[in-house]
Amino acid sequence: MARWCYRHRLVVLLLWVGALFGLGFSASTAGTDYANVFSLPDTDSKKAYDLMEKAFPASAGDTDTVVWKVDEGSVRDQDVRSRIQPVLDEIAGMKGVGGVTGPYPADAAGAAQISGDGRIAYAQITFTEQANAVPKELVQDVVDTARGAGQDGLEVEVGGQAIQRVQEPPTGLAEMVGLAAAAVVLFLAFGSLYAMLLPLAVAVFGVGMGLFSTQLLSHVTDIPDLAPLLSSLIGLGVGIDYALFIVTRHRKGVLRGLDPEESTVVALNTSGRAVLFAGGTVCIALAGMLVTNLRFLDGVVIGTSLTVVLSVLAATTLLPALLGFLGARVLSRKQRRVLAATGPEPERSSGPAARWSVGVQRRPRTIAALALVVMAVLALPVLSLRLGATDQGNDDASTTTRKAYDLLAEGFGPGFNGPLQVVVDGGDATALTAGIKDTPGVARVAALPPASGVTVIQVVPTTSPQSAETDTLIDRLRDDVIPEAGAQAHVGGVTAVSKDFATVTGDRLPLFIATIIGLGFLLLLVAFRSLVVPLTAAVMNLVAAAASFGVLVAVFQWGWGLDLLGLGKEGPINAFLPVIMLSLLFGLSMDYQVFLVSRMHEEWVHTRDNARAVRVGLAETSRVINSAALIMVCVFLAFVLSGDSGAAMAGVGLAAAVALDAFILRTALVPAAMHLLGDSNWWLPGWLEKRLPHLAVEPKEEAAPATAAAGEGPASVVHGFVRNTAGEPVEDATVTLMSQGGRELDRVTSLADGSYILSVPAPGTYLLATTAAPPLLKRARRLTVAGEPLVYDVELEEAAEVS
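Residues numbered from 1 in each chain as written. Predicted model: local features only at pLDDT ≥ 70, side-chain atom pairs only at ≥ 80, totals over all residues. Heavy atoms only, no water.

K.L.:
It is not clear to me how the overall build of the chain should be interpreted in this structure. Could you clarify?
P.N.:
Across its full length, the chain carries 25 helices and 18 strands. If one aligns the C-alpha atoms of the chain with their principal axes, the spans along those axes are about 110 × 55 × 40 Å. Taking all 803 residues of the chain together, 55% fall into the buried category. Considering only contacts in the chain between residues 6 or more positions apart, those separated by 24 or more positions represent 78%. For the chain, the exposed surface amounts to about 33,000 Å²; the carbon and sulfur share of it is 59%. Side-chain charges in the chain split into 58 positive and 76 negative, and the spacing between the mean points of these groups amounts to 9 Å. (Helix = DSSP H or I, 4+ residues; strand = E, 2+ residues; numbered from the N terminus. Buried < 20%, exposed > 50% of the residue type's maximum accessible area, 1.4 Å probe, protein only. Contact = heavy atoms within 4.5 Å. Areas by Shrake-Rupley, 256 points an atom, 1.4 Å probe, with all protein chains shown as cover. Lys, Arg positive; Asp, Glu negative; His and termini not counted. Charge placed at Lys NZ, Arg CZ, Asp CG, Glu CD.)

As structure tokens, this is what we get:
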């Protein structure tokens with residue numbers, strides 16, 4: 001596949017471009033139909049909602065609020081009324097506004113919309129569409145008109161779901177910032193503009209097609225508006241990272257003497273396999289959300305999984321085509337000149353990564369202990385984790401929605417922003433209303449006129465919607481007050497729904513964690529033929545999850561650094577976030593585990609030396625893993641700019657998780673633990689080995705044969721002459737024998753007569769790369785060696801000067 005894509009690169013590129021523009025045109029024509037469906041079967045709030053929907057069909061449109069406050073006097077004063085009422089009338093006349101209900105005239109109904117001290121009042125605006133469907137131009141007109149009434153001594157603010165949409169930064173800002181940050185990291189890692197652009201192109205194609213496909217699917221199934229944000233977040237991260245792993249392996253192959261086509265094939269046959277496996281683990285981890293049976297998350301699974309699949313497809317088909325267009329220009333100019341002047345570089349690890357790897361081997365106990373202490377300290381805040389829901393009270397203090405929220409809380413009490421609805425369909429509603437009035441934690445109670453045998457009692461708590469005291473009040477109403485009144489009633493409303501959602505999520509979280517940990521364990525068990533490697537990965541995933549949630553609690557629940565990040569006010573952690581974040585975290589953690597351990601496993605298969613396998617694997621992969629993690633951290637943190645509190649929370653949490661996982665766990669704790677465990681890392685009972693299916697992450701290669709007896713020599717040899725096109729011998733040409741996975745097996749330089757001889761460890765298929773000083777061209781060919789020596793002559797052509 002890789003070779004076909006490389007050779008037919010123009011066809012592959014045109015197919016991808018056509019698919020992207022075709023999906024984009026279809027999606028823009030169809031529009032969006034995202035739906036936030038919270039389905040909580042068998043919960044009290046769901047029963048209340050069903051009764052309300054039957055007896056009091058909800059209005060079709062979204063209801064938002066205009067709030068105003070006077071510094072002196074009363075909102076009933078004529079000068080205030082004469083300024084506010086015309087504005088309300090103007091808003092009511094706008095196309096798309098169904099009606100406006102205000103406090104004027106201050107009759108019995110209007111008086112309820114004026115605070116007790118007369119300084120704060122509000123009016124309700126009902127749009128003809130739901131919040132997501134209200135045109136932003138209309139919403140902006142409402143905001144500008146309402147706030148235009150403000151003056152010295154009169155503050156006017158606007159709140160609600162539709163209003164919140166116009167406060168969001170421009171669509172795509174977070175993605176653009178993330179791509180820009182990733183571009184900087186890639187350029188520093190590669191030193192080449194062309195190589196930098198490759199992962200970005202793959203990510204753009206994968207995410208673009210994923211978002212367009214998700215948009216089209218929103219017309220046939222329920223997909224929440226959070227899904228495209230999370231899809232772009234995870235898609236950018238994995239798309240760039242997967243391409244980074246493949247391009248890094250490709251560049252290494254070119255530097256070691258392979259021609260670009262052969263190097264591309266080797267890269268896809270090694271890192272490309274790992275990408276396929278890693279993408280599969282991410283999708284499996286995402287699909288684990290389905291076991292929670294929370295319908296809201298089904299659309300998230302669809303959108304994110306589809307984007308990951310398309311990103312993997314782009315990395316394994318589009319990327320080889322793009323590598324074909326670049327050829328040797330995937331290297332920097334300096335690297336191309338050095339390669340032409342000195343020949344291919346030897347297969348050795350050097351630099352900080354190699355020194356760190358040696359340090360971990362020498363002091364595994366010390367490094368493991370330090371890493372565990374750091375992770376344990378960061379995980380401590382998770383003990384105070386409280387799930388709930390964010391609202392406009394968590395918006396930044398400078399936004400009009402936050403100001404409106406605070407004004408309503410000031411004038412009508414903290415609980416006004418999250419009233420409860422006690423829905424009665426049997427028993428004495430009057431007695432229940434009286435009992436609720438006498439309940440501690442209740443500020444106001446009002447029973448609405450019954451309809452179809454159903455009575456709704458509006459209950460305003462004394463505490464805010466996000467406080468633990470409000471949760472306690474809901475439990476008290478359900479467990480004590482309603483049974484004592486002998487009524488058949490259910491407690492509903494947004495606050496009650498949020499509480500039930502958090503409870504259901506918390507109850508199902510253990511099953512969810514067990515599912516994705518178990519699936520990940522089985523995948524790694526099959527891939528690496530070991531019980532200890534997947535067990536270590538599972539433990540490390542739990543450690544990373546605890547530490548990352550500790551950071552999340554410290555920032556968003558305790559408020560550490562919220563002002564610095566401009567993320568508003570502290571509050572509970574969104575109830576849906578643990579499920580989404582753990583899915584993404586376990587998937588991404590498995591990516592790094594696969595890339596790290598697959599290189600270790602490759603070395604172990606050839607040498608059966610655990611210390612060498614761990615040292616070499618860490619030295620050769622830690623740099624690219626850290627670069628990939630740094631890119632993900634930049635992409636995830638960029639989503640702080642998305643304007644969506646859920647996406648911002650997920651971005652910070654995932655950035656912390658990836659940073660801790662890559663920089664502490666995978667480059668310190670995991671290799672240290674593997675050094676301490678020794679050969680037991682690769683232990684697998686014989687009976688289990690026979691029953692497991694074979695799933696190779698790296699290409700199948702023959703293990704190194706047992707050491708031959710003295711004087712027996714290698715299993716076979718390849719020998720011949722290196723000549724130019726005129727038939728003259730080429731002296732000092734570098735001839736390298738490599739495995740199909742690009743692993744160097746032997747290297748020699750040709751003699752004065754152009755002759756060479758290479759040792760072959762065992763019969764099989766190998767790569768033979770030959771490079772000579774300019775103006776001769778390097779050549780790479782596949783050879784099949786049997787038990788007898790193979791004669792193979794190499795002819796080198798003159799090449800153009802490297803620029």
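K.L.:
Explain empty space enclosed by the protein to me, please; I cannot follow it from the model alone.
P.N.:
Scanning the model with the defined rule gives three cavities of 30 Å³ or more in all. Considering only enclosed or pocket space, the largest cavity measures out at about 60 Å³ in volume. Elements represented by at least two residues in the lining of the largest cavity include exactly helix H11 (260-287), helix H19 (494-528) and helix H22 (577-607). Per-element tally for the lining of the largest cavity: the top contributor is H19, with four residues. Grouping the amino acids of the lining of the largest cavity by side-chain chemistry returns seven nonpolar, two polar and no charged. (1 Å grid on protein atoms, 1.4 Å probe; cavity = no way out; pocket = protein on both sides within 12 Å on 5 of 7 lines; lining within 4 Å. Points joined across faces, edges and corners; volume = space filled by probe spheres on them. Nonpolar A, V, L, I, M, F, W, Y, C, P; charged D, E, K, R; others polar.)

K.L.:
Help me understand the packing of helix H8 (residues 173-190) against helix H9 (residues 193-217) in this model?
P.N.:
Think of two packed helices as two axes; the pair is described by the angle between the axes and how far apart they sit. Where H8 contacts H9, the two axes come as close as 8 Å, and the packing angle between them is 145 degrees. Seen from above, H8 lies across H9 with right-handed handedness. Listed contacts from H9 to Leu179, Ala182, Ala183, Leu186, Phe187 and Phe190 of H8 are Leu193, Ala195, Met196, Pro199, Leu200 and Val204. By residue class, the composition of the contact of H8 with H9 is 12 nonpolar, no polar and no charged. (Axes fitted to C-alpha atoms, helices over the stretch in contact; angles between N-to-C directions. Left-handed = near helix turned anticlockwise from the far one by under 90°.)

K.L.:
Quick question: what am I supposed to make of a nonpolar patch on the surface here?
P.N.:
Together, Val184, Phe187, Leu188, Leu193 and Leu197 make up an exposed nonpolar region whose accessible area comes to about 500 Å². Within the residue set of the nonpolar patch, elements represented by two or more residues are H8 and H9. Per-element accounting of the nonpolar patch gives the leading share, three residues, to H8. Along the polypeptide, valine 184 turns up in helix H8. (Patch = residues over 30% accessible without salt bridge, like charges linked within 9 Å, V, L, I, M, F, W, Y side chains within 5 Å. Salt bridge = Lys/Arg side-chain N within 4 Å of Asp/Glu carboxyl O.)

K.L.:
Can you help me understand the environment of alanine 468 in this one?
P.N.:
With respect to the helices and strands, the residue alanine 468 is situated in helix H18 (residues 468-485). On the basis of relative accessible area, alanine 468 is assigned to the partly exposed category, the value being 38%. Measuring from C-alpha to C-alpha, the distance between alanine 468 and alanine 287 comes to 32 Å, with 181 residues separating the pair along the chain.

K.L.:
Just to check I follow, could you spell out the sheet that holds strand E9 (residues 488-492) for this structure?
P.N.:
Strand pairing in a sheet relies on backbone hydrogen bonds, with the paired strands running either antiparallel or parallel. Overall, antiparallel pairing links the four strands, which are arranged E7-E8-E6-E9 in an open sheet. Two strands bound the open sheet, and with one partner strand each, they are strand E7 (442-447) and E9. Geometrically, the sheet is characterised by an average inter-axis angle of 20 degrees between neighbouring strands, direction not taken into account. Taken together, the five bridges between strand E6 (residues 420-426) and strand E8 (residues 455-461) define a ladder with antiparallel strand orientation. (Pairing = 2+ DSSP bridges.)

K.L.:
Would you take a moment to explain a negative patch on the surface for this structure?
P.N.:
A contiguous patch of negative charge on the surface is contributed by Glu90, Glu137, Asp141 and Asp144. The element best represented in the negative patch is helix H6 (residues 136-147), accounting for three residues.

K.L.:
Honestly, the sheet that holds strand E12 (residues 734-738) in this entry has me stumped. Any pointers?
P.N.:
The sheet built from four strands is open, its strands ordered E13-E12-E15-E16 with antiparallel pairing. Pairing within the sheet leaves two strands with one partner each, and these edge strands are strand E13 (744-749) and strand E16 (779-785). If you compare each strand with its neighbour and ignore which way they point, the axes differ by 20 degrees on average. Pairing of E12 with E13 involves five bridges; the strand directions are antiparallel. Each residue of the ladder has a partner; that of valine 735, found in E13, is valine 748.

K.L.:
What is the right way to read the packing of aromatic side chains from this model?
P.N.:
What characterises a pair of aromatic rings is the spacing of the ring centres plus the angle enclosed by the ring planes. Applying the stated criterion to the full structure yields eight aromatic pairs. Clustering of aromatic rings is evident, with ring pairs tying together Tyr122, Phe412 and Phe416. Residue placement shows arginine 9 over the ring face of tyrosine 6; its charged tip is 5.3 Å from the ring centre. Residue placement shows arginine 329 over the ring face of tyrosine 194; its charged tip is 5.5 Å from the ring centre. (Phe/Tyr/Trp six-rings, centres within 6.5 Å; stacked < 30°, edge-to-face > 60°. Lys NZ or Arg CZ within 6 Å of the ring centre and 35° of its normal.)

K.L.:
I tried to follow helix H17 (residues 429-437) on my own but got confused; where do I start?
P.N.:
Counting along an α-helix, one turn takes 3.6 residues, and residues three or four places apart therefore face a common direction. Regarding H17, the residues found buried are Ala429, Leu432, Thr433 and Ile436. Down the axis of H17, the buried side of the element spans an arc of 105 degrees, and every buried residue falls inside it. Summarising the geometry of H17, the exposed residues directed more than 90 degrees from the buried face are Thr430 and Lys437. The inward-facing, buried residues of H17 contact E6, E7, E8, H18 and E9. Where H17 begins, the side chain of aspartate 428 points an oxygen toward the backbone nitrogen of threonine 430, at a separation of 3.0 Å. (Arc of directions from axis to C-beta. Polar contact = N/O pair within 3.5 Å; in protein donor to acceptor, adjacent residues only side chain to side chain.)

Everything listed here is a matter of geometry and, on its own, says nothing about what the molecule does.
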